[in-house]
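# Geometric and topological summary
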Amino acid sequence: MFRFFVRRVLGAVVILLIISAVTFFLFYAVPRDPARAFCGKICPPQNLLLIRHNLGMDEPLFVQYWHWLAGIFTGRDLVQFGTCDAPCLGYSFATQEPVFSAILDRFPVTLSVTAGAAVVILSFGVITGMIAAWQQGKPLDKIASTSSVIGASLQIYFVGPLLVFFIVDSMGLLPRPSYIPFTEDPLGWFVHLLIPWVVLSIIFTANYTRMTRSVMVEQLAEDYVRTARAKGMSSRTVFLRFAWRGAMIPIVTIFGVDLATLLGGAIITEQTFTLHGIGELAVRAVQNTDLPMLLGVTLVGAFAIVVLNIVVDVLYAVIDPRVRLT
């Protein structure tokens, strides 16, 4: 197990380095000059040169990247902004605020949207798929399969405003989506984010319903399941004790892959409901050619996905004892 963790951590470090380097160097392929955007519309040439020097943009790209990377662990002294303590991700070119602080302030919003949607996806998607497999060929199975096809065809930017119009504006059943810190009002946090969770999870829930049903039907036809039934075990016991374990392995695997897509969907959801999370920072960074903010958001998002994938790998052994991590 220890060797497994070491390999996974080393692999995660390599992945994060590659992602940060690719993002950094691709940024300079954009024709816009971030120093000019920092300086403003009316910017004398001498001011532009001074800003480029203060931001360290007159140095070779590899030197700039190394300084940025080292600043994460040791901090940096920036002429334009002063001392930046570790973990230093630089200062935003657009707002001149520390990138790490800006991400830290908005991270709870994105985490709440993503985590809540993930719970809905795994709860309703997997449970509905298991019920459909249990009732294979019966009306309940057909209803679940039809609903999943409809749900998979819907889009966040269409379903979001539609639900707000009917549930919030017309019927007044829920308040308009917003973010309330969980520590201040847990019930308000839940109620105000309920619609964003449902909207973000609709497509994923539909896909996981179909996938769970398909995998469960395959598991129920396996030899070990038939053997358990031949020994006199009830269908309910065989279904809940044996079949679901084999079915969860591919589901957990796909969920680990879908984490990046779920995070991307959270960004769209934040924009749809005007939730001030990391998605807002990402969109603004792209619009303003804000390299420090863009790098910071990309690195934090990649780090979250890599860590969650390691957790998913560990879950394999918990779900199926036949899996051995060496």
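Residues numbered from 1 in each chain as written. Predicted model: local features only at pLDDT ≥ 70, side-chain atom pairs only at ≥ 80, totals over all residues. Heavy atoms only, no water.

The following threshold applies: UniProt positions are given in the numbering used here, feature names are shortened, and annotations may be inferred rather than shown by experiment.
Identification of the protein as ABC transporter permease from Sphaerisporangium aureirubrum is taken from an unreviewed UniProt entry. Of the protein, the UniProt comment under Sequence similarities (unreviewed entry) reads exactly: "Belongs to the binding-protein-dependent transport system permease family." According to the UniProt record, the Subcellular location (unreviewed entry) comment for the protein is "Cell membrane".

### Quick word on the overall build of the protein
Put simply, the test is: The helix count covers DSSP runs of H or I at least four residues long, the strand count covers runs of E at least two residues long, and both are numbered beginning at the N terminus. The buried label goes to any residue with under 20% of its type's maximum accessible area, the exposed label to any with over 50%, and the partly exposed label to all in between, with areas taken from a 1.4 Å probe on protein chains only. What sets the accessible areas is the Shrake-Rupley method with a 1.4 Å probe; for residues, cover comes only from the shown protein chains. By the counting scheme adopted, Arg and Lys are positive, Glu and Asp are negative, and His together with the chain ends is not counted. In plain terms, the charge of a residue is placed at NZ if it is Lys, CZ if Arg, CG if Asp and CD if Glu.
Summing up its helical and strand segments, the protein has 12 helices and two strands in all. Taken over the C-alpha atoms alone, the protein extends approximately 85 × 55 × 40 Å along its principal axes. Across the 326 residues in the protein, those meeting the buried criterion constitute 40%. Entry remark: accessible area of the protein is about 17600 Å², with carbon and sulfur atoms responsible for 68%. In the protein, 23 positive and 20 negative side-chain charges are present, and the distance between their average locations comes to 13 Å.

### Looking at the pattern of salt bridges
Pairing between side chains becomes possible if they bear opposite charge and their charged atoms approach one another. Under the convention used in this document: A side-chain nitrogen of Lys or Arg and a carboxyl oxygen of Asp or Glu constitute a salt bridge if their distance falls within 4 Å.
A full pass over the atoms with the stated rule returns four salt bridges. With a shortest N-O distance of 2.6 Å, Asp169 and Arg176 are connected by a salt bridge. By relative accessible area, Asp169 is classed as partly exposed at 45%. With its nearest N and O atoms 3.7 Å apart, the salt bridge here joins Arg284 to Glu280. Of this pair, Arg284 and Glu280 are both found in helix α11 (residues 278–287), four residues apart, which corresponds to roughly one turn of the helix. A relative accessible area of 25% means that Arg284 is categorised as partly exposed. Among the ionic contacts, a cluster of salt bridges with common partners joins Arg106, Glu280 and Arg284.

### Here's the deal with unusual backbone geometry
That bond from Ala86 to Pro87 is cis: its omega, -5 degrees, falls within 30 degrees of zero. Mapped onto the fold, Pro87 is located in the loop between β2 (82–84) and α5 (99–134). Positive phi is not limited to glycine here, since Gln96 has a value of about 65 degrees. Looking at the element boundaries, Gln96 is found in the loop between β2 and α5. Phi at Thr274 takes a positive value of approximately 55 degrees, unusual for a residue other than glycine. Structurally, Thr274 is set in the loop between α10 (235–273) and α11.

### Considering the nonpolar core
Quick note on the threshold: Nonpolar cores are built from buried Ala, Val, Leu, Ile, Met, Phe, Trp, Tyr and Cys residues. Side-chain atoms within 4.5 Å join them into one set. Note on definitions: a residue-residue contact is assigned when non-hydrogen atoms from the two residues lie within 4.5 Å.
If you look at the biggest cluster of nonpolar residues, it comprises 39 residues, and the most contacted ones within it are Leu200, Met216 and Leu262. Dropping the residues within four chain positions of it, Leu262 is found in contact with Thr114, Ala117, Ala118, Ile121, Leu200 and Phe204. Of all hydrophobic cores here, the second largest spans 33 residues; its members include Ala102, Leu281, Val297 and Ala302.

### Notes on the packing of aromatic side chains
Where we set the bar: Whether two aromatic rings pair depends on their centres lying within 6.5 Å, for rings of Phe, Tyr and Trp, where Trp uses its six-membered ring; planes under 30 degrees apart make the pair stacked, over 60 edge-to-face, and the rest tilted.
Evaluated as defined, the whole model comprises 10 aromatic pairs. Taken together, a centroid distance of 5.5 Å and an interplanar angle of 65 degrees make the contact between Phe24 and Tyr65 edge-to-face. Pair noted here: Phe24 is in helix α1 (residues 2–27) and Tyr65 is in helix α4 (residues 61–74), with a separation of 41 residues, a long-range link. A single burial state applies to Phe24 and to Tyr65, both of which are buried.

### Side note on the environment of Pro177
Summarising the element assignment, Pro177 is placed in the loop between α7 (156–170) and α8 (186–220). Accessibility expressed as a relative area gives 8% for Pro177, which makes it buried. Taking the C-alpha atoms as reference points, Pro177 and Pro196, 19 residues apart in sequence, are found 7.0 Å from one another. Pro177 has contacts with Val164, His192, Ile195, Pro196, Phe273 and Leu275, leaving out every residue within four places of it along the chain.

### Re α7
Worth spelling out the cut-off: Given a helix with a known number of residues, its expected span is that number minus one, times 1.5 Å.
With 15 residues, α7 should cover 21 Å at 1.5 Å per step; its first-to-last C-alpha distance of 20 Å lies within 8% of that length. Regarding α7, the residues found buried are Ile156, Val159, Gly160, Val164, Ile167 and Val168. Just past α7, the residue Gly172 takes up positive phi, approximately 65 degrees.

### So, the UniProt feature "transmembrane region" (unreviewed entry) in the protein
On the UniProt side, "transmembrane region" (unreviewed entry) is annotated at positions that read residues 9–30, 109–134, 146–167, 187–206, 242–268 and 293–319 here. In the segment residues 146–167, helix accounts for 86% and strand for 0%; the C-alpha atoms at its two ends are 24 Å apart. Within the segment residues 187–206, helix and strand shares are 100% and 0% respectively, and the terminal C-alpha atoms sit 27 Å apart.

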